[in-house]
Amino acid sequence: MGRGKLRIYLGAAPGVGKTYAMLSEAHRRVERGTDCVVAFVEHHHRPRTEVMLHGLEQVPRRELKYRGGLFTEMDVDAVLRRAPAVALVDELAHTNVPGSRHAKRWQDVEELLAAGIDVVSTVNIQHLESLGDVVESITGVRQRETVPDEVVRRADQIELVDMSPPALRRRMAHGNIYKSDKVDAALSNYFRPGNLTALRELALLWVADRVDEYLTEYRSEHRVSKIWGSRERIVVGLTGGPEGRTLIRRAARLAEKGAGGEVMAVYIARSDGLTAASPKELALQRTLVEDLGGTFHHVVGDDIPASLLDFARGVNATQIVLGSSRRKTWQYVFGPGVGVTVARESGPDLDVHIVTHEEVAKGRGLPVARGARLGRSRIIWGWLIGVGGPVVLAVLLNTIDLGLANDMLLFLAVTVAAALLGGLLPALASAAFGSLLLNYFYTPPLHRLTVADPKNIVAIVIFVGVAVSVASVVDLAARRTHQAARLRAESEILSFLAGSVLRGETSLEALLERVRETFAMESVALLERVNDVEPWTCAGSVGPDPSARPEDADVDMPVGDHMALALSGRVLPASDRRVLAAFAAQAAVVLDRQRLQHEADQAKELAEGNRIRTALLAAVSHDLRTPLAGIKASVSSLRSDDVAWSEEDQAELLEGIEDGADRLDHLVGNLLDMSRLQTGTVAPLIREIDLDEVVPMALGGVPEDSVDLEIPESLPMVAVDAGLLERAVANLVENAVKYSPLDQRVLVAASAIAKRVEVRVVDRGPGVPDEAKDRIFAPFQRYGDAPRGNGVGLGLAVARGFAEAMGGTLNAEDTPGGGLTMVLTLRAVDRGPAVAAPSAVAERQVS
C-alpha cells in the first residue's frame, strides 16, 4: 500500500473559511462515491460550519483525563481500523492532550498517511514554525502551537482560503467567528486591519513561493530551458559604473507594474566590456537594490553576454535591463557591444531594455564586447581561414600569375588572419599548409615538393618564421589579456570581501551563499573539528546535501589545521582556488566574529547584571532610607519619656510605622523578585486556575473605591502560577492607581480571544508616548518626573518578567480618550469546544 496524499487548506487567520471549505470538499467526494470520514473537525459552535457536518460519517473521539478535566482528541486507532479512503483532520498544528499517542496532531496525520489514507487538513499561516517571530512582531502574540514548515511543504496540494480584511472583520462583527462577548476585544486586538493585512500578505507570499518551488522542480525534471513568464523577474546588468543606480531604479519601476515583480542585480566580474568597476560604487548599488526589495548577485563569467543570459535563464527571468554603451563611436569597430549581443541572443522569451543614461559615449576602458580569451567561434573561424584560406587562394592564383613574391605575401596575409582569429594552432596549420602549396604550385620545379633555387628556400623559411612569430604574438597577447582579466576579476572579488570586513558583515550563511553563486556550486559547507582524530562538524552550510567531510566534496579548501571549506557541484580549475582561499579565510573570520559576538553578548549580560546590582545599592541607599527614617522617628517618639502622647497621637505614629513597614515590604519584595528574574531562578508552578480566584486578591494594596473589576464568570481557566500572577497584577494595578486622577477609577477587565485570555488594566492618567512604551518595562525606570519616593522603578519590570516566565506577554497600549492600558496575555486551558458566551459579568467595586 502506497503513502496517502495530503491536502491542506491554508488561511491567513481564524474565520476565513478553511474548515467550511474542507467540509465542502468532503461532501463533493462523498457524492462521487469516495469513502470519506470525519476524523476530527472542530466547528467552534459556528452554525454554518456545524451544518456542514451533517451527512458525513464521524469517527468517535477518544476521551482523555488530564488534571481533573475531560478532553477529547482524535482516535488514531479508530481511524486506522475504519481505514477510509479520505480522512478529515482539522487544526493540523494542534497540541494533543498529554497521554495521547503523539504530542502533535500533525504527527497523527503522518501516521494516517503512512497507512495509505488520504488526509484533508487545515492550518493558519501563523502556525508555521518559521514564521513565529514574524507573526509575533506583527500581532504581539507568540504562537505556542506550531507545525514544521516541511510538513506543510510536503503536502501534495495546498489551497489558499483567502478573504479580505474588511470582509473578515464584518464576519467577526456579525458573530460568525466568535461569540458576541469576545467580538469587541478581538476586533481591537488580533483582528485589527493592519494585522490581518500583514498576515494575508504572509499567506499569499508563502503560497507564491511554494508555487515557484513546484515550477522550478517541474522545469528541472522536464529540462525546460525556455523562460516561462509566470512572474516578472527583472535582471539588471551592472558594470560597476555610476549608471548602475539609474538602471536599478528603472528596473524597480518596471517591477512595480507587474504582480509580484522581482529585481535581481548582477555584476559579472570580468573586464570584457564591463570595466572600471568601483568597489565603492558596487557597494552603493548593492545597498540601493536591497533597499528597493531586490537582491544583488556577484558572479564570475568568461563571456559577459553569455554569462548574463545564462544567469537570467537560470532564475527564469522575463526581462533584462542594460545601459546604453559607454564606448565611443570608433570603438565599435571591435565588436557590437554587450547590449546588442544580449539583445540578439536573448530569443523571443526574454525582453531586453536598453536604458539611456548620462554616461553614454563617454568612453570605457576596453573596447571589445567579447572576452579577451579566444572564444569557440573565433577558434572555429581561425581553423577555417587557416586550412581553407590557402586552398581558396591557390585556386585563385592558378588563374592569375602575380609572381612568387606576391604569392608568398598573399599566403602570409592568410596566415596572419588565421593567427588573429584563432591563435597559434590555426596559424601554424596555415603556415605549414601554405608553405606546401607554395612549394608545389609556385616554386620551380612546379608540381613537385622540391625547390631548385636556394633563394626560394630562404623565402619559404622566412615565410614560415614570420607566420609563426605573428601567431605566437597573437596567442601571447590573448593569454596575457585573459590573465589580466582574471586577475582583475579576482581583485574585484577580494575588494568586495575586504569591503564586507570593513562593513562588519557577520552572516556566515550570506558569505557561503556568495561562494556558491560565485563559483556556480550546488552546496557549500564550512567544516571544523577539535583535533585530527575528532569527527568533522558543520559550522554553517547552504544548498542541498552539503558535504559532511572534506573528502566527500568536489572541492575542499583547508583553513588552518582543523577547518575546511567544502564545495559540491563541480571541480574547480586551479586558477580559481586563489579566490576560493580568500573566501575560506573570510568564512573563518566571520565564524570567529560570530563567536566573539556571542561572548560579547554574554559579557554584556554580565555588565547588565553589574548595573542591576549597582542600581540595587543605589535603591537601598536612597529609596529604602525614607521609610526607615520615618519608622525610626515614630518609634523614638513613642519611647520618649519627655512627651505624653494622646491616644490619637499614638495611633497616628503607629499608623506611620505600619505605612513605612508596608512600603519597606513592597520595595524589598520587588527587589527580591527582580534579583530572581535576573538570575533566572524563577520556577513557576503552572496549574489551571480561574482568574476570579486570583485577581481580587491582588487588589488589596490599593486605596478604597479606586478600582472597578470586570471578570466574566464563564472565562476559561488559565495555566499560570497563582503567586506570580497575583504579584504581576498587583504591580500593574498599583502603577495604574499611582498615575490615575483621583476622580477616575482604574478598570481591570478580562476577556477571552481564541486560545488566550487577556487581562487589561486601564487607567486615565497622562499616558506614555510610543517611543517610551518599551523603556517603562526596564528595571529602575521611572517615567517622566516621578520622584524617588514613588519607588525604585521595578514594578513593571517584575510584572513583565513574571508574565514571560508563565508563558504570557505584557505590553502597553494607549487608552482610547487618554491614558495607558496594560495588556497581560495568558494561555487559556484548551477544553476542546470554544468557550460559551458568558451568562453574566461580575462587576464589583473593590473596597
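Residues numbered from 1 in each chain as written. Predicted model: local features only at pLDDT ≥ 70, side-chain atom pairs only at ≥ 80, totals over all residues. Heavy atoms only, no water.

## Description of the overall build of the protein
Secondary structure assignment for the protein yields 24 helices and 25 strands. By residue count, 47% of the 847 residues in the protein fall in the buried class. Counted over contacts in the protein with a minimum sequence separation of 6, partners at least 24 positions apart contribute 72%. As presented, the protein carries roughly 41700 Å² of accessible surface, and 55% of it is formed by carbon and sulfur atoms. (Helix = DSSP H or I, 4+ residues; strand = E, 2+ residues; numbered from the N terminus. Buried < 20%, exposed > 50% of the residue type's maximum accessible area, 1.4 Å probe, protein only. Contact = heavy atoms within 4.5 Å. Areas by Shrake-Rupley, 256 points an atom, 1.4 Å probe, with all protein chains shown as cover.)

## Digging into the packing of helix α12 (residues 304–314) against helix α13 (residues 338–345)
Two elements in contact, α12 and α13, have axes whose closest approach is 9 Å; the angle formed by their N-to-C orientations is 45 degrees. Judged by the inter-axis angle, α12 sits oblique to α13. In the packing of α12 onto α13, the handedness of the crossing is right-handed. When α12 is examined against α13, the residues I304, P305, L308, L309 and R313 are found in contact with a partner set consisting of V338, T341, V342 and E345. Taken together, the residues of the contact of α12 with α13 break down into 6 nonpolar, 1 polar and 2 charged. (Axes fitted to C-alpha atoms, helices over the stretch in contact; angles between N-to-C directions. Parallel < 35°, antiparallel > 145°, perpendicular 65-115°, else oblique. Left-handed = near helix turned anticlockwise from the far one by under 90°. Nonpolar A, V, L, I, M, F, W, Y, C, P; charged D, E, K, R; others polar.)

## Some words on the confidence of the model for the protein
Per-residue pLDDT for the protein averages 77, and the proportion of residues at 70 or more is 77%. By mean pLDDT, the top-scoring element of the protein is strand β6 (residues 86–89) (94), and the lowest-scoring one is strand β25 (residues 841–845) (37). Between residues 785–790, whose pLDDT stays under 50, and residues either more than four places distant or in other chains, the model counts 8 contacts. Note on residues 833–847: pLDDT is under 50 here. Beyond four places in sequence and across chains, it has 41 contacts. (pLDDT = per-residue confidence, 0-100.)

## Comments concerning the sheet that holds strand β12 (residues 319–323)
The strand order across the open sheet built from 5 strands is β11-β10-β9-β12-β13, with neighbouring strands paired in parallel fashion. Where the open sheet ends on each side, the last strands, each with one partner, are β11 (295–299) and β13 (351–355). For this sheet, the mean angle separating the axes of adjacent strands, direction not counted, is 25 degrees. Bridge count between strand β9 (residues 233–238) and strand β10 (residues 262–268): 6 bridges; the pairing is parallel. Each residue of the ladder has a partner; that of V236, found in β10, is A265. On the sheet, α12 packs against β9, β10, β11 and β12 and is oriented at approximately 150 degrees with respect to β10. (Pairing = 2+ DSSP bridges.)

## Regarding the packing of aromatic side chains
Using the criterion set out here, one finds 1 aromatic pair in the structure. When the ring centre of F777 is taken as origin, the NZ or CZ atom of R800, which lies over that ring, is 3.9 Å away. (Phe/Tyr/Trp six-rings, centres within 6.5 Å; stacked < 30°, edge-to-face > 60°. Lys NZ or Arg CZ within 6 Å of the ring centre and 35° of its normal.)

## A short note on the pairing of strand β21 (residues 746–753)
On a regular strand, each side chain points to the face opposite its neighbour's, so the side chains alternate between the two faces of the sheet. The buried fraction of β21 is high, at 7 of 8 residues. With 4 bridges connecting them, strand β19 (residues 707–712) and β21 associate as parallel partners. Within the sheet, the bridge partner assigned to D708 lies in β21 and is L747. Where β21 meets strand β22 (residues 756–762), 7 bridges bridge the pair, whose relative direction is antiparallel. Within β22, the residue paired with L747 across the bridge is V762. Turn length for the β21-β22 hairpin, with the two strands adjacent in sequence and antiparallel, is 2 residues, and the turn residue A754 shows positive phi of about 55 degrees.

## A word on the sheet that holds strand β8 (residues 157–161)
Overall, parallel pairing links the 6 strands, which are arranged β3-β2-β6-β7-β1-β8 in an open sheet. Edge positions in the open sheet fall to β3 (57–58) and β8, since each of these has one partner strand only. As defined by bridge partners, β6 adjoins strand β7 (residues 118–124) across 4 bridges and the pair is classed as parallel. Among the inter-strand pairings, L88 is bridged to a residue of β7, identified as V120. Its contacts with the sheet place helix α1 (residues 18–31) against β1 (6–11), β2 (36–40), β6, β7 and β8, and it is angled at close to 145 degrees to β1.

## A look at the packing of helix α23 (residues 722–739) against helix α24 (residues 795–805)
The interhelical angle for the contact between α23 and α24, taken along N-to-C directions, is 145 degrees, at an axis separation of 9 Å. Where α23 crosses over α24, the handedness of that crossing is left-handed. In this structure, α23 uses L724, R727, A728, N731, L732 and N735 to contact α24, whose residues at the interface are G795, L796, V798, A799 and F802. Its residues assigned to classes, the contact of α23 with α24 comprises 7 nonpolar, 3 polar and 1 charged.

## Description of the environment of R756
Within the secondary structure layout, R756 lies in strand β22. Under the relative-accessibility criterion, R756 is labelled buried at 10%. Measuring from C-alpha to C-alpha, the distance between R756 and G808 comes to 9.1 Å, with 52 residues separating the pair along the chain. Among residues more than four places away in sequence, those in contact with R756 are V141, Y190, S751, T825, L826 and A828.

## Points about a negative patch on the surface
Residues E647, E648, D649, E652, E655, E658, D659, D662 and D665 make up a contiguous surface patch of negative charge. Relative to the assigned elements, D649 resides in helix α21 (residues 647–679). (Patch = residues over 30% accessible without salt bridge, like charges linked within 9 Å, V, L, I, M, F, W, Y side chains within 5 Å. Salt bridge = Lys/Arg side-chain N within 4 Å of Asp/Glu carboxyl O. Lys, Arg positive; Asp, Glu negative; His and termini not counted. Charge placed at Lys NZ, Arg CZ, Asp CG, Glu CD.)

## As for the pairing of β11
Counting buried positions along β11 gives 4 out of 5 residues, so the element sits mostly inside the fold. Taken together, the 5 bridges between β10 and β11 define a ladder with parallel strand orientation. Bridge assignment links I268 to a residue of β11, and that residue is V299.

## Regarding the side chain of S634
Tracing the sequence through the fold places S634 in helix α20 (residues 625–639). Its relative accessible area of 9% is what places S634 among the buried residues. Discounting residues that sit within four places of it in the chain, S634 has contacts with L653 and I657.

## Regarding a positive patch on the surface
A cluster of basic side chains, namely R249, R250, R253 and K257, defines a positive patch on the protein surface. Tracing the chain through its elements places R253 in helix α10 (residues 244–257).

## Observations concerning the pattern of salt bridges
Considering all chains together, one arrives at 27 salt bridges under this definition. The residue E42 makes a salt bridge to R61 at a minimum N-O spacing of 3.7 Å. With E42 in the loop between β2 and α2 (47–52) and R61 in the loop between β3 and β4 (62–66), this pair connects stretches of sequence that are 19 residues apart. Using a relative accessible area of 31% as the deciding quantity, one classes R61 as partly exposed. E57 serves as the salt-bridge partner of R82, at 2.8 Å between the closest nitrogen and oxygen. Taken together, the residues span a long stretch of sequence, with R82 in helix α3 (residues 76–82) and E57 in strand β3 at a distance of 25 residues. Shared partners join several salt bridges into a network, and the residues in it are R7, E25, R28, R29 and E159.

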